[in-house]
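Coordinate analysis (summary)
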Amino acid sequence: MAYALKRFLASLLVTAAIAVLPAHGNGYFLSGNEALELCSADPNFCEGLVMAFNDASTFYNHNLWNRVCMPEGATSTQIKDVYLLFLKEHPADRHDSAISQFIRALIDSFPC
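The rules behind each value
- Residues numbered from 1 in each chain as written.
- Predicted model: local features only at pLDDT ≥ 70, side-chain atom pairs only at ≥ 80, totals over all residues.
- Heavy atoms only, no water.
- Axes fitted to C-alpha atoms, helices over the stretch in contact; angles between N-to-C directions.
- Helix = DSSP H or I, 4+ residues; strand = E, 2+ residues; numbered from the N terminus.
- Parallel < 35°, antiparallel > 145°, perpendicular 65-115°, else oblique.
- Contact = heavy atoms within 4.5 Å.
- Nonpolar A, V, L, I, M, F, W, Y, C, P; charged D, E, K, R; others polar.
- Salt bridge = Lys/Arg side-chain N within 4 Å of Asp/Glu carboxyl O.
- Buried < 20%, exposed > 50% of the residue type's maximum accessible area, 1.4 Å probe, protein only.
- Phe/Tyr/Trp six-rings, centres within 6.5 Å; stacked < 30°, edge-to-face > 60°.
- Expected span 1.5 Å × (residues − 1).
- Left-handed = near helix turned anticlockwise from the far one by under 90°.

1. Remarks on the packing of helix H3 (residues 43-60) against helix H5 (residues 98-109)
- At a closest axis distance of 10 Å, the pairing of H3 and H5 adopts a crossing angle of 80°. If you check the angle between H3 and H5, you find them roughly perpendicular. Along the contact surface, H3 presents Val50, Phe53, Asn54, Ala56 and Ser57, while H5 presents Ala98, Ile99, Phe102, Ile103 and Leu106.
- Here the residues of the contact of H3 with H5 are counted per class, giving eight nonpolar, two polar and no charged.

2. Remarks on the environment of leucine 36
- The topology assignment puts leucine 36 in helix H2 (residues 32-41).
- Separated by 48 residues in sequence, leucine 36 and leucine 84 place their C-alpha atoms 6.8 Å apart.
- Discounting chain neighbours no more than four positions away, the residues touching leucine 36 are Leu84, Leu87, Lys88 and Arg94.

3. Details of the pattern of salt bridges
- As enumerated under the stated definition, the model contains one salt bridge in all.
- Close ionic contact of arginine 104 with aspartate 93 constitutes a salt bridge, the shortest N to O distance being 3.2 Å. Placement of arginine 104 in helix H5 and of aspartate 93 in the loop between helix H4 (76-89) and H5 is noted, with a sequence separation of eleven residues between them.
- Overall, the relative accessible area of 31% leaves arginine 104 in the partly exposed class.

4. Describing the packing of aromatic side chains
- Summed over all chains, the structure comprises three aromatic pairs.
- Pairing phenylalanine 53 with phenylalanine 102 gives two aromatic rings, centres 5.7 Å apart and planes at 55°, and the pair type is tilted. Of this pair, phenylalanine 53 sits in helix H3 while phenylalanine 102 is found in helix H5, placing the two residues 49 residues apart along the sequence. The residues phenylalanine 53 and phenylalanine 102 share a single accessibility class, namely buried.
- Taken together, the ring pairs in this structure connect Phe53, Tyr83 and Phe102 into an aromatic cluster.

5. Concerning H5
- Between the first and last C-alpha of H5 there are 16 Å, a value that for twelve residues agrees with the 16 Å anticipated at 1.5 Å per step.
- Restricting attention to buried positions, one finds in H5 the residues Ala98, Gln101, Phe102, Ala105, Leu106 and Ile107.
- Contacts from the buried residues of H5 go to H2, H3 and H4.

6. Some details on the packing of H2 against H4
- Relative to each other, H2 and H4 sit at 125°, their axes nearing to 10 Å. In terms of axis orientation, H2 runs oblique to H4. Handedness of the crossing formed by H2 with H4: left-handed. Side by side, H2 and H4 meet where Gly32, Ala35, Leu36 and Cys39 of the first sit next to Tyr83, Leu84, Leu87 and Lys88 of the second.
- Broken down by class, the residue content of the contact of H2 with H4 amounts to six nonpolar, one polar and one charged.

Structure (structure tokens):
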């Protein structure tokens, strides 16, 4: 019994260690290519992703909002559409992180 518990705990630790490793060598989890694929498959997931990116960008990079002037009344659906259009129009850059593509989309679409 003790052996089975140790084995279970060891496998749990290995699984947890693998789960926290970044998916890409550059330290990010999701590329623009992957975000576009996921968003194409599930618009609801995509809208949640965009809201999370927006919140994370606001929290971690206050200087971003000196460069982005979001129109009053902009909706998450509108921002999602801007993001997806950016991904589709910039295929050469989609290997970069999905959130960096999100930030670039906002700066290009809603400059101050």
